[in-house]
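Observations on the three-dimensional arrangement
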Amino acid sequence: MSVLDIVIEGDESLTQKAQAVTDFKLDKVQENVSDMIDTMRHYQGVGLAAPQIGLLQRIIVLEVANNKRYPQAENIELDILINPEILECSQQTEIGWEGCLSIPGFRGEVLRPVSITYQALNLAQEMLIKTVYGFHARIIQHEIDHLNGILFTQRMTGSMLKPEKILSF
Ligand code: NI
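Structural notes, computed from the coordinates. As the structure is a computational prediction, the values presented were derived from the model and not from experiment.

Calculation rules
- Residues numbered from 1 in each chain as written.
- Predicted model: local features only at pLDDT ≥ 70, side-chain atom pairs only at ≥ 80, totals over all residues.
- Heavy atoms only, no water.
- Donors = N, O, S within 2.8 Å, 3.2 Å for Na, K, Ca; no water.
- Helix = DSSP H or I, 4+ residues; strand = E, 2+ residues; numbered from the N terminus.
- Buried < 20%, exposed > 50% of the residue type's maximum accessible area, 1.4 Å probe, protein only.
- Contact = heavy atoms within 4.5 Å.
- Polar contact = N/O pair within 3.5 Å; in protein donor to acceptor, adjacent residues only side chain to side chain.
- Pairing = 2+ DSSP bridges.
- Axes fitted to C-alpha atoms, helices over the stretch in contact; angles between N-to-C directions.
- Expected span 1.5 Å × (residues − 1).
- Salt bridge = Lys/Arg side-chain N within 4 Å of Asp/Glu carboxyl O.

A closer look at the coordination of the nickel ion
Octahedral metals with six donors have ideal donor angles of 90 or 180 degrees. Tetrahedral metals with four donors have an ideal donor angle of 109.5 degrees. With distances of 2.1 to 2.2 Å, the protein atoms coordinating the nickel ion are Cys-100 (SG), His-142 (NE2) and His-146 (NE2). Mapping the donors of the nickel ion onto the primary sequence yields the spacing C-x41-H-x3-H. One end of the pair, Cys-100, is in the loop between β4 (93-99) and β5 (106-113); the other, His-142, is in helix α2 (residues 134-147), and 42 residues separate them in sequence. Classification of His-142 as buried rests on a relative accessible area of 7%.

Notes on the environment of Lys-17
Here Lys-17 lies in the segment before α1 (29-42). Residues Lys-17 and Met-127, 110 residues apart in the sequence, show an inter-C-alpha distance of 22 Å. In this structure, Lys-17 is in contact with Arg-58, Leu-147 and Asn-148, ignoring residues within four places of it in sequence.

Topic: the side chain of Asn-122
Looking at the element boundaries, Asn-122 is found in the loop between β6 (115-121) and β7 (127-133). Classification of Asn-122 by relative accessible area gives buried; the value is 16%. A polar contact of 2.9 Å, which involves the side chain of Asn-122, links it to the backbone nitrogen of Ala-124. With sequence-adjacent residues up to four places away left out, Asn-122 is seen in contact with Phe-24, Ile-80, Ile-82 and Leu-128.

Observations regarding the sheet that holds β5
Strand order in the open sheet formed by three strands is β4-β5-β8, with antiparallel pairing between adjacent strands. The open sheet terminates on both sides in strands that have one partner only, identified here as β4 and β8 (162-163). Pairing between β5 and β8: two bridges, direction antiparallel. Looking at β8, one finds that Arg-107 is bridged to Lys-162. Contacting β4 and β5, α2 runs over the sheet at an angle of about 65° to β4.

With respect to α1
Between its first and last C-alpha atoms α1 spans 20 Å; for 14 residues at 1.5 Å apiece the expected length is 20 Å, and the two agree. All buried positions along α1 are accounted for by Val-29, Asn-32, Val-33, Ser-34, Asp-35, Met-36, Ile-37, Thr-39 and Met-40. Contacts from the buried residues of α1 go to β1 (47-49), β2 (59-64) and β3 (76-89).

Some remarks on the pairing of β4
Sheet topology places β4 next to β5; seven bridges connect them, and they run antiparallel. In the sheet register, Gly-99 faces β5, and the bridge partner there is Arg-107.

Some remarks on the pattern of salt bridges
Applying the stated criterion across every chain yields a total of six salt bridges. Residues Arg-138 and Glu-98 are paired through a salt bridge, measuring 2.7 Å at the closest nitrogen-oxygen approach. Here Arg-138, found in helix α2, pairs with Glu-98, found in strand β4; they are 40 residues apart in sequence, far enough to count as distant. Exposure remark for Arg-138: the relative accessible area of 7% places this residue in the buried category. We classify Glu-98 as buried; its relative accessible area is 4%. Between Arg-155 and Asp-145 there is a salt bridge, with its nearest N and O atoms 2.6 Å apart. In this pair, Arg-155 is assigned in the loop between α2 and β8 and Asp-145 in helix α2, connecting sequence segments 10 residues apart. Asp-145 gets classed as buried once you look at its relative accessible area, which sits at 7%. Linked through salt bridges whose partners overlap, the residues forming this network are Glu-98, Arg-112, Arg-138, Asp-145 and Arg-155.

Structure representation (structure tokens):
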């Protein structure tokens, strides 16, 4: 429906805890999700959390479709997660580079569990439980962090942010 502005680091909506969706109609979930998908695709994100458009609702969208910002990432079908919760994390962890549309132009290394099992509502208000691995698990962890007011820079293993354009991935 519309491409919205992305809220940039420093804005207080990125440090607050988002509220669970309780009423899909009143909370305008369908409209918000459409705007989030348009915005994510426009800025070539692989995921977007509602607080990044200034909306403090527990909604995330993700999709990887031959993404130019992450050319080596496997494709991931569009997914919409409402009130997502991580149920289980693997013991095994790995370090990976992350970027964020709210911290434009930079990447940092973050240690995270390799796989997670999560539950979330879909747009049909069905509760789904899924286990995902690798970059897919990383995106969901990164986006759920946004719902809790946490940016990847608070989780970085190294202290250095690197310019996105010098990294070859
Ligand atoms: Ni982000």
